[in-house]
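Here is what each chain is made of, one letter per residue.
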Amino acid sequence: MTSLDQIIDDFTFLDDWEDRYRYVIELGKALPDLSDDKKTSANKVMGCASQVWLVTHASDDGDNPVMTFEGDSDAHIVRGLVAIVLATYSGKTASEIAALDAFEVFGKMGLVENLSAQRSNGLRSMVNRIREEARLRTAA
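Residues numbered from 1 in each chain as written. Predicted model: local features only at pLDDT ≥ 70, side-chain atom pairs only at ≥ 80, totals over all residues. Heavy atoms only, no water.

## Concerning the overall build of the protein chain
Item 1. Within the protein chain one finds six helices and three strands.
Item 2. The helix and strand sequence of the protein chain, counted from the amino end, reads α-α-β-β-α-β-α-α-α.
Item 3. Computed over its C-alpha atoms, the radius of gyration of the protein chain comes to 14 Å, within 12% of the 14 Å expected for a compact globule of 140 residues.
Item 4. For the protein chain, the C-alpha atoms occupy an extent of roughly 45 × 30 × 25 Å along the three principal directions.
Item 5. Put simply, the protein chain has 140 residues, and 45% of those count as buried.
Item 6. For the protein chain, the accessible surface area stands at approximately 7,200 Å², while carbon and sulfur atoms represent 48% of it.
Item 7. Taking the average location of the 15 positive side-chain charges in the protein chain and that of its 23 negative ones, the two points are 4 Å from each other. (Helix = DSSP H or I, 4+ residues; strand = E, 2+ residues; numbered from the N terminus. Rg over C-alpha atoms; globule rule 2.2 N^0.38 Å. Buried < 20%, exposed > 50% of the residue type's maximum accessible area, 1.4 Å probe, protein only. Areas by Shrake-Rupley, 256 points an atom, 1.4 Å probe, with all protein chains shown as cover. Lys, Arg positive; Asp, Glu negative; His and termini not counted. Charge placed at Lys NZ, Arg CZ, Asp CG, Glu CD.)

The following block contains the structure:
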């Protein structure tokens, strides 16, 4: 999976939104497929116009586990957004995730301003779900 730093660097080299849009789609194509047995209602992200699934994994490190995520979508651009969200949060501790505002990162990339309202809401739903799961694990 492409690192967040690499994605940010790549975005800075792409001047127009069409190129960035194509890049987001390429990130989605590179995202590993989520197996059908993980595409359950429990893993489905509510608030997305497209179908989006997120699977959370947490290490057994007590009250601040390292969390990793798998995700998928039935829409190409959204699948790319899933890849960016996973690059942002996967591999961090629950407390780091709960404290990290992905929209600040996405804003610096110029990502959000070029998304439709529906895609932006879906992105927010993914981020909120991941941060909430992290908060629950730090509170446990």
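There's plenty left to go through after this.
## Things to note about the sheet that holds strand S3 (residues 92-93)
Item 1. If you trace the three strands from one edge of the open sheet to the other, you get S1-S2-S3, paired in antiparallel fashion. For this open sheet the edge positions go to strand S1 (52-58) and S3, each flanked by a neighbour on one side alone.
Item 2. Where strand S2 (residues 66-73) meets S3, two bridges bridge the pair, whose relative direction is antiparallel. From the neighbouring strand, Met67 faces S3, where its bridge partner is Lys92.
Item 3. Running at roughly 175° to S2, helix H3 (residues 76-89) makes contact with S1, S2 and S3 of the sheet. (Pairing = 2+ DSSP bridges. Contact = heavy atoms within 4.5 Å. Axes fitted to C-alpha atoms, helices over the stretch in contact; angles between N-to-C directions.)

## Digging into the side chain of Asp72
Item 1. Its location among the elements puts Asp72 in strand S2.
Item 2. In this structure the side chain of Asp72 is engaged in a polar contact, spanning 3.2 Å, whose partner is the backbone nitrogen of Leu34.
Item 3. When near neighbours in sequence (up to four residues on either side) are disregarded, Asp72 contacts Leu31, Asp33, Leu34, Lys39, Gln51, Val52, Trp53, Arg79 and Val82. (Polar contact = N/O pair within 3.5 Å; in protein donor to acceptor, adjacent residues only side chain to side chain.)

## Here's the deal with the packing of aromatic side chains
Item 1. Within the structure shown, the criterion is met by three aromatic pairs.
Item 2. Residues Phe11 and Tyr23 carry aromatic rings whose centres are separated by 5.9 Å and whose planes lie at 70° to one another, so their mutual orientation is edge-to-face. With Phe11 in helix H1 (residues 4-13) and Tyr23 in helix H2 (residues 17-30), the pair connects residues that are twelve residues apart, well separated along the chain. In this structure, Phe11 and Tyr23 share a single accessibility class: buried.
Item 3. Look at Trp17 and Tyr21: their rings are 6.1 Å apart centre to centre, the planes differ by 65°, and that puts the pair in the edge-to-face class. In this pair, Trp17 and Tyr21 both sit in helix H2, four residues apart, roughly one turn of the helix.
Item 4. Just above the ring of Trp53 sits the side chain of Lys39; from NZ or CZ to the centre is 5.1 Å.
Item 5. The ring of Phe103 has Arg124 lying over it, and the distance from NZ or CZ to the ring centre is 4.1 Å. (Phe/Tyr/Trp six-rings, centres within 6.5 Å; stacked < 30°, edge-to-face > 60°. Lys NZ or Arg CZ within 6 Å of the ring centre and 35° of its normal.)

## Considering the nonpolar core
Item 1. Core analysis: the biggest nonpolar cluster contains 41 residues, and Phe11, Phe106, Leu111, Leu123 and Met126 have the highest contact counts within it.
Item 2. Elements with a minimum of two residues in this core: H1, H2, S1, S2, H3, helix H4 (94-99), helix H5 (102-109) and helix H6 (117-139).
Item 3. Considering each element in turn, this core owes the most residues, ten residues, to H3. (Core = buried A, V, L, I, M, F, W, Y, C linked by side-chain atoms within 4.5 Å.)

## Some remarks on the pairing of S1
Item 1. For S1, the tally of buried residues reaches five of seven residues, placing the bulk of the element in the interior.
Item 2. Examined bridge by bridge, S1 and S2 share seven bridges and lie antiparallel to one another. The residue of S2 that forms the bridge with His57 is Thr68.

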